[in-house]
Amino acid sequence: MEFLKKIIFNAIFVFSLMNASGQISKLPYPYAKCTTRASDTGYYMRNAEQFLANRLSQRGIDPGPDNFSAPYNVRVFIRIVREDNGTLPGCTTAEALQNFEEMKVQYSAHNICFQLAGIDFVNDSYLNNFNVSANLETVYPTYIRDNNLDVNGAITIFVHYNFLNNSGSSGNAYGIPNNFLSVARWAATSTTVHSIFGHEMGHCLGLYHTFENNLGAENVTRNSSSSCYDCDVDGDLCCDTPADYADSQDNTSSTSCIYSGTKRDVCSDLLFAPSTINIMSYHPWECISFTSSALTANQRTRMHASIVNPSGPIFTRVAEDNLVLSAVSASSNAVRIYSAKNNVTTGAGVTVSHTGSSQAYYAAGSSITLSPGVILSPGAAGQMQASISGCN
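The structure presented is a predicted model; accordingly, all values stated were derived computationally and were not measured.

Peer 1: Describe the overall build of the protein, listing the residues and the values that go with them.
Peer 2: From N to C terminus, the protein includes nine helices and 16 strands. By residue count, 51% of the 392 residues in the protein fall in the buried class. The contacts of the protein with a sequence gap of at least 6 include a subset with a gap of at least 24, amounting to 68%. Of the roughly 17000 Å² that the protein leaves accessible, carbon and sulfur atoms contribute 53%.

Here it is in structure tokens:
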């Protein structure tokens, strides 16, 4: 009888940890557990401010193919992953959209607008179960690229049902910078987490963790005349993000968001005082800012430099100001995006045709104008979507 009582108690206890959808209600981590590391992708853009200044100067003389202007409308495509049979989605469409809208708020004041070009479901059991941590650096990103799962022309956000067994990581950007990222189900569906899209997106746009030490551990001082001053060459390369260190979140209250650690840097002996609201930190989910204060001016500069870098992965994923369509004839299942910050129109006498399994997504901040004669008749396996999407 005593044995039966224990079984009943254990069953009740396990059930109490589960919510209505069968997910564990207690989060695996009370902070971002991102597996993106600077050491995975090597060194990236030490002097972003100088690079950005030079690039903007060049654009003033000869803009060339770079015909977009700030605020930068970065195209985003969300792919919710499911099993081959269409079951076990990483999240719902509503949950993905909520995460996306929260990310937009955190970035919009920094002249970065995320334009949602489209959202869909991908039935791929392997993609839905990225569970071997040793494969994060090479196997998984290669699989995504080789199978054309990352949408051409957009930063692709994948939400997986099982990402490192849905408990080992909140997400990964696979590189700094990069054009696609992964998010774990537990982080995307939680009502507590409001920054996982934004955190991984920061990596895609060139940001390091605030506690990064791959280039060297960062000292606390911000006095440029001090021999200990190194924030421009060490840490996250952003001097307006206070020096941070690994596991500093263990000394931050999730209710008051006050850091109470006593760690000092080895050079100046100054106490660390990391930001508890920065989106690129590991401080409690409850503390990360819901507003633009989640990012700093120096972080903005790094992201802008990544965006306007013609040899980087983001440059071709920024919507031009206006798009005038040339001839389009599509019937394959490759996802195609036609977007602009302001207006999308068809040129005079241009033939635009989407048939068969064509996957076409039109997005504009102001208007989409298609001339008579445009054929939009995808078959049962096709998709045609048009939306007004921007920051206006």
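Peer 1: Please set out the packing of aromatic side chains residue by residue, giving values where relevant.
Peer 2: Considering all chains together, one arrives at 16 aromatic pairs under this definition. Taking 5.0 Å as the distance between ring centres and 70° as the angle between the ring planes, the aromatic pair formed by tyrosine 107 and phenylalanine 114 counts as edge-to-face. With 6.5 Å between their ring centres and 75° between their planes, tyrosine 245 and tyrosine 259 make a pair best called edge-to-face. On the criterion of sequence distance, the pair formed by tyrosine 245 in the loop between helix H8 (196–204) and helix H9 (297–307) and tyrosine 259 in the loop between H8 and H9 is long-range, its members being 14 residues apart. For the residue pair tyrosine 245 and tyrosine 259, the accessibility class agrees, reading buried in each case. Each residue in the set Tyr29, Tyr31, Trp186, Phe211, Tyr282 and Trp285 is aromatic and connected to the rest through ring pairs, giving one cluster. Over the ring of tyrosine 161 we find arginine 185, and its NZ or CZ is 3.7 Å from the ring centre. We note lysine 263 situated over the ring of tyrosine 245; from NZ or CZ to the ring centre the distance is 5.3 Å.

Peer 1: Help me get a handle on the sheet that holds strand S13 (residues 359–364), residues and values and all.
Peer 2: Through backbone hydrogen bonds, the strands of a sheet pair up, either in parallel or in antiparallel fashion. Pairing is parallel across the open sheet formed by three strands, whose spatial order is S10-S13-S16. Because the sheet does not close on itself, it has two edges, and the strands there are strand S10 (335–340) and strand S16 (383–388). For this sheet the average axis-to-axis angle between neighbouring strands, irrespective of direction, equals 10°. Direction of pairing for S10 relative to S13: parallel, over a ladder of six bridges. The residue of S13 that forms the bridge with alanine 340 is alanine 364.

Reading guide: rules and limits
- Residues numbered from 1 in each chain as written.
- Predicted model: local features only at pLDDT ≥ 70, side-chain atom pairs only at ≥ 80, totals over all residues.
- Heavy atoms only, no water.
- Helix = DSSP H or I, 4+ residues; strand = E, 2+ residues; numbered from the N terminus.
- Buried < 20%, exposed > 50% of the residue type's maximum accessible area, 1.4 Å probe, protein only.
- Contact = heavy atoms within 4.5 Å.
- Areas by Shrake-Rupley, 256 points an atom, 1.4 Å probe, with all protein chains shown as cover.
- Phe/Tyr/Trp six-rings, centres within 6.5 Å; stacked < 30°, edge-to-face > 60°.
- Lys NZ or Arg CZ within 6 Å of the ring centre and 35° of its normal.
- Pairing = 2+ DSSP bridges.
- Axes fitted to C-alpha atoms, helices over the stretch in contact; angles between N-to-C directions.

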